[in-house]
Amino acid sequence: MKTTFMANAQNVQRKWYVVDAEGQTVGRLASQIAMVLRGKNKPTFTPHVDTGDFVIVINAEKAVFTGKKLQDKIYFHYSGYTGGDKYTSAQEMFAKHPARVIEHAVRGMLPKNRIGAQMYRKLNVYVGPNHPHQAQQPELITLTK
């Protein structure tokens, strides 16, 4: 009798990938990064186990928004205090913290539970072409536009 393979923490093999965000659309880039972080690109994908790989995103400041999203998109943060809601436009966020724009987009596409938090920790976003993960020998992965 054949049995269905179910991955567990002992038999998951993780790789490191580098993604260049230059010229990529933020949303499309984030959805493809989320798939790699989640492990859906592997034949051993198991929904209740983190089977995903590590992802390094470089050149975060060169990602683009389509249409008028740069002016119209609003990021919301609430401090927990009365009147403590803060609104930031995508243009302002992109100017101050371009890495946070990609991190926010990817985090929204991951599961909203402990496994999703564990997947999110495998994401590393950097402004500029350099990153400190050369020792992991990451592979360059090209994502479709």
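Residues numbered from 1 in each chain as written. Predicted model: local features only at pLDDT ≥ 70, side-chain atom pairs only at ≥ 80, totals over all residues. Heavy atoms only, no water.

1. Things to note about the sheet that holds strand β5 (residues 123–125)
Paired through their backbone hydrogen bonds, the strands of a sheet run either parallel or antiparallel. The parallel open sheet is built from four strands, whose spatial order is β5-β2-β1-β6. Sheet topology places β5 and β6 (139–140) at the edges, where each strand pairs with a single neighbour. Examined bridge by bridge, strand β2 (residues 54–58) and β5 share three bridges and lie parallel to one another. Of the residues in β5, the one forming a bridge with Val 57 is Val 125. Strands in contact with helix α4 (residues 98–108) are β2 and β5; relative to β5, the strand with the most contacts, it is inclined by about 155°. (Pairing = 2+ DSSP bridges. Helix = DSSP H or I, 4+ residues; strand = E, 2+ residues; numbered from the N terminus. Contact = heavy atoms within 4.5 Å. Axes fitted to C-alpha atoms, helices over the stretch in contact; angles between N-to-C directions.)

2. Some details on the side chain of Thr 51
The topology assignment puts Thr 51 in the loop between α1 (26–38) and β2. Given a relative accessible area of 1%, Thr 51 falls into the buried group. (Buried < 20%, exposed > 50% of the residue type's maximum accessible area, 1.4 Å probe, protein only.)

3. Looking at the pattern of salt bridges
If you walk through the whole model with that rule in mind, you get five salt bridges. Residues Lys 15 and Glu 139 are paired through a salt bridge, measuring 3.1 Å at the closest nitrogen-oxygen approach. Remark: Glu 139 occurs in strand β6 and Lys 15 occurs in the segment before β1 (16–20); sequence separation between them is 124 residues. Glu 92 serves as the salt-bridge partner of Lys 96, at 3.7 Å between the closest nitrogen and oxygen. Of this pair, Lys 96 and Glu 92 are both found in helix α3 (residues 90–96), four residues apart, which corresponds to roughly one turn of the helix. A single salt-bridge network, built from bridges that share partners, covers Arg 14, Asp 50 and Lys 122. (Salt bridge = Lys/Arg side-chain N within 4 Å of Asp/Glu carboxyl O.)

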